[in-house]
Amino acid sequence: MSTSTLRRPFADLDERRLLLWLTFLPLVVFFTLVWAIPILYALGMSLFEDPTTAPTFVGLGNYAAILTSGDFGLFLWNSVLYAVSTTVFSLIIGLALALVVNQEIRGGSILRTMMIFPYLLPTLVVIFIWQFLFDPNIGVINQWLVDYGVVSEPIAFFSTVEWAMPAVAITSVWKFGSFAFFILLARLQAIDPNLYERARVEGASPWQSFRDITVPHLRGAILIILLVRGIWMFNKFDIIYLSTGGGPLDATTTLPIRVYELAFSEVNFGAATALAGIMFFLLAGVAVVYFKVFEPEKEVAH
Amino acid sequence: MLGLGEGEAGSIVPQHLQRRIKRVSVVVVALAVAIFVTIPVYVMVAVAVQDPTNVFAGGDVHLLIDSVTLRNFEVLFEETATVRYFTNSLIVTISSTILSTSLAVAAGYGLTRFDFTGKTVAARAVLFSYMFSPIVLAIPLYVIFYTLGLLDSYFALTLGLTAISAPFTIWLMWQYFQTVPIALEESAWVRGASRTRTVWDVVLPVARPGYISAAIFSFAVAWNDFTMSRVVMSSDEMYTITVGASLFLDRVTIGWGETMAVSLLICIPPFLIAVFLQNYLLQGFNVGGLE
């Protein structure tokens, strides 16, 4: 760092301003171009019928049509069911394994490394693998289920109304379960080991240590996982689109799937953007709670 | 600390038994998860590297690897545009990684070192967009790109992919720069270095772990992406590998062997990241999770 020989090309004040511009201008330009304009544009489009071809202003007509249509409730229910079930199961599995790996058992670090793999496999690959495993004719899972007499006939998991959602959820938990694991493991490793030692000396059972030391330390992380993971799963498109396409008979059609269908199968951008708008407002509602409870921006805005 | 320090047993189960239950459950959970995580990956490899006539001979699928062949990869390269798809993916992924990481380094530094009104709003906007659904963003981007005649271009997809990864990379760098003490820079200024020079010579080297994490994240997002590419790229020769390969299952000539072979190929970049950059990856998780 021998910088003493360097000359200042600008007076300090000007240079400060230059740096300010250099660092903020790209951010402002980029966010305006790819976030602000598209979102405002979409909200604008949602007020028109045929916004891309022959726009007719219909006000909130698209919103009204969606909210009163018979199947909106089903799509919303599917979204919530998918988001809640995948989040809760990811949390349970992630928590169990984080507690295990934190025990510093033999092979713990191998387990930790293994947990990265489902997360790193691209979604498409995950879908290929699970379609293969769940296949009614050649799938290993069906072969086991039949061989051990659990079922008499192979199940076409992804294309049966009752089984499609559980199959998609299992696939999703397989891929995203490690998210909760890594966050919780980081929290666990930040707990002062002396706390446990003191509790043990004073005669506390493992269960009491868990209840009185571990659980309080994890509470914040668990809330964050439930909220943030929940939002992400609510928004998930690719994993469902690639596995079931929303079928069979809309059994796995969530709101993001429906937005895509409206835009690209039914070429109804008014309705698609209105539904996107509804998702936007739902998300904004949850985000308000998130910001109120956690004040995450306080972490950076000293 | 409820109940601690009073020396109470608190439970009817004796302590040594509790510890034994704990040990056994630890092993059981570890094994169950290991199997749950590994078997699907193993199945992919087993199907990819063996001849389909071997795997699918008879009624049951044969998954013990006893013969290795490149046959599936050969079919893939001969009968599909896999190479082309891979090239497309690499181009947009690398462009988006560079764009997203440089944006994040600049913005992260600026947000940490300069004070201005509306900083909280900026923080919230970044976090809010981090939670946003890619498909909801993709719809208006599609219409805008269509109007501008930009559909089916590397440029449009690079922007779209960066839109998805930038909120997190910015957040990550913003947090990271706060761990870099301002005193480091001040001591360089005192010795006569200009501010811009200081950023280059002092700040960037110190921030290296931060922007490697950011780069890994944006690479992973772009490489894994299906949604944005599906919407922005509409002609066969512009498909990325995820979109191109997603159509394989509908083709008569492409079977499970080739499908798993392409899966294995798609996994190579993430696998290399995991092997060489695992610690940076985990750092990304610790800051606030990856999507």
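Residues numbered from 1 in each chain as written. Chains lettered and ligands numbered in written order. Predicted model: local features only at pLDDT ≥ 70, side-chain atom pairs only at ≥ 80, totals over all residues. Heavy atoms only, no water.

Structural notes on the overall build of chain B
Check the secondary structure of chain B and you find 14 helices and zero strands. Sequence-ordered secondary structure for chain B, helices as α and strands as β, is α-α-α-α-α-α-α-α-α-α-α-α-α-α. When the backbone C-alpha atoms are referred to their principal axes, chain B occupies close to 75 × 75 × 35 Å. (Helix = DSSP H or I, 4+ residues; strand = E, 2+ residues; numbered from the N terminus.)

Quick word on the UniProt feature "transmembrane region" (unreviewed entry) in chain B
All names here are of chain B. Under the feature "transmembrane region" (unreviewed entry), the UniProt entry names residues 24–49, 85–109, 121–148, 154–177, 198–223 and 260–282. Between the C-alpha atoms that bound residues 85–109 the distance is 36 Å, and the span itself is 100% helix and 0% strand. The span residues 198–223 carries 96% helix and 0% strand; its end-to-end C-alpha distance comes to 34 Å. (UniProt positions renumbered as here; feature names shortened; annotations may be inferred.)

Considerations on the domain arrangement of chain B
All names here are of chain B. Taken as a whole, chain B is organised into domain 1 (1–69) and domain 2 (74–290). Relative to domain 2, the C-alpha centre of domain 1 lies at a distance of 33 Å. Each partner contributes to the interface: domain 1 provides six residues, whereas domain 2 provides seven residues. The junction of domain 1 with domain 2 conceals about 560 Å² of combined surface from both sides, 90% of it contributed by carbon and sulfur atoms. Looking at the side of domain 1 facing domain 2, the largest losses of area belong to Met44, Val47 and Ala48, adding up to 69% of the total buried there. Viewed at the interface, domain 2 and domain 1 are joined by zero salt bridges. For the interface between domain 1 and domain 2, the tally reads zero residue pairs in polar contact (both at pLDDT 80 or more). Split into classes, the residues belonging to the side of domain 1 that touches domain 2 amount to six nonpolar, no polar and no charged. (Domains from an automatic or database assignment. Contact = heavy atoms within 4.5 Å. Buried area = accessible area lost by both parts, 1.4 Å probe. Salt bridge = Lys/Arg side-chain N within 4 Å of Asp/Glu carboxyl O. Polar contact = N/O pair within 3.5 Å; in protein donor to acceptor, adjacent residues only side chain to side chain. Nonpolar A, V, L, I, M, F, W, Y, C, P; charged D, E, K, R; others polar.)

Let's talk about the packing of aromatic side chains
For the structure on display, the rule yields 39 aromatic pairs over all chains. For the pair Tyr109 of chain B and Phe114 of chain B, a centre-to-centre distance of 6.5 Å together with 85° between the ring planes defines the contact as edge-to-face. On the basis of relative accessibility, which here comes to 4%, the residue Tyr109 of chain B falls in the buried class. An aromatic cluster is built from Phe237, Tyr241, Tyr260, Phe264 and Phe269 of chain A together with Tyr142, Tyr146 and Phe226 of chain B, whose rings are joined through pairwise contacts. When the ring centre of Tyr119 of chain A is taken as reference, the NZ or CZ atom of Lys175 of chain A above it lies at 5.6 Å. The ring of Phe179 of chain A is capped by Arg229 of chain A, whose NZ or CZ atom sits 4.9 Å from the centre of that ring. (Phe/Tyr/Trp six-rings, centres within 6.5 Å; stacked < 30°, edge-to-face > 60°. Buried < 20%, exposed > 50% of the residue type's maximum accessible area, 1.4 Å probe, protein only. Lys NZ or Arg CZ within 6 Å of the ring centre and 35° of its normal.)

Some details on the interface of chain B and chain A
Listed per partner, the contact involves 113 residues of chain B and 107 residues of chain A. Overall, the association of chain B and chain A removes approximately 10,100 Å² of surface from exposure, summing both partners, and the carbon and sulfur fraction of that is 76%. On the surface where chain B and chain A come into contact, there are zero salt bridges. Applying the counting rule to chain B against chain A returns six residue pairs in polar contact (both at pLDDT 80 or more). In terms of residue count, helix 1 (residues 15–49) of chain B provides more of the side of chain B that touches chain A than any other element does, 18 residues in total. Split into classes, the residues belonging to the side of chain B that touches chain A amount to 74 nonpolar, 28 polar and eleven charged.

As for the packing of helix 8 (residues 193–201) of chain A against helix 9 (residues 206–235) of chain A
All names here are of chain A. Taken N-terminus to C-terminus, the directions of helix 8 and helix 9 make an angle of 165°; their axes are 10 Å apart at the nearest point. Here helix 9 runs roughly antiparallel to helix 8, going by the angle between their axes. Between helix 8 and helix 9 lies a crossing whose hand is right-handed. Contact with helix 8, carried on its side by Leu195, Tyr196 and Ala199, involves Ser209, Ile213, Thr214 and His217 of helix 9 and no other residues of that element. Split into classes, the residues belonging to the contact of helix 8 with helix 9 amount to four nonpolar, three polar and no charged. (Axes fitted to C-alpha atoms, helices over the stretch in contact; angles between N-to-C directions. Parallel < 35°, antiparallel > 145°, perpendicular 65-115°, else oblique. Left-handed = near helix turned anticlockwise from the far one by under 90°.)

Describing the UniProt feature "transmembrane region" (unreviewed entry) in chain A
Residue and element names in this part refer to chain A. As recorded in UniProt, the sites labelled "transmembrane region" (unreviewed entry) are residues 20–43, 80–101, 113–134, 163–186, 217–234 and 269–291. As annotated, residues 217–234 comprises 100% helix and 0% strand, and the C-alpha atoms at either end are separated by 27 Å. Helix makes up 100% of residues 269–291 and strand 0%, and the two end C-alpha atoms of the span are 31 Å apart.

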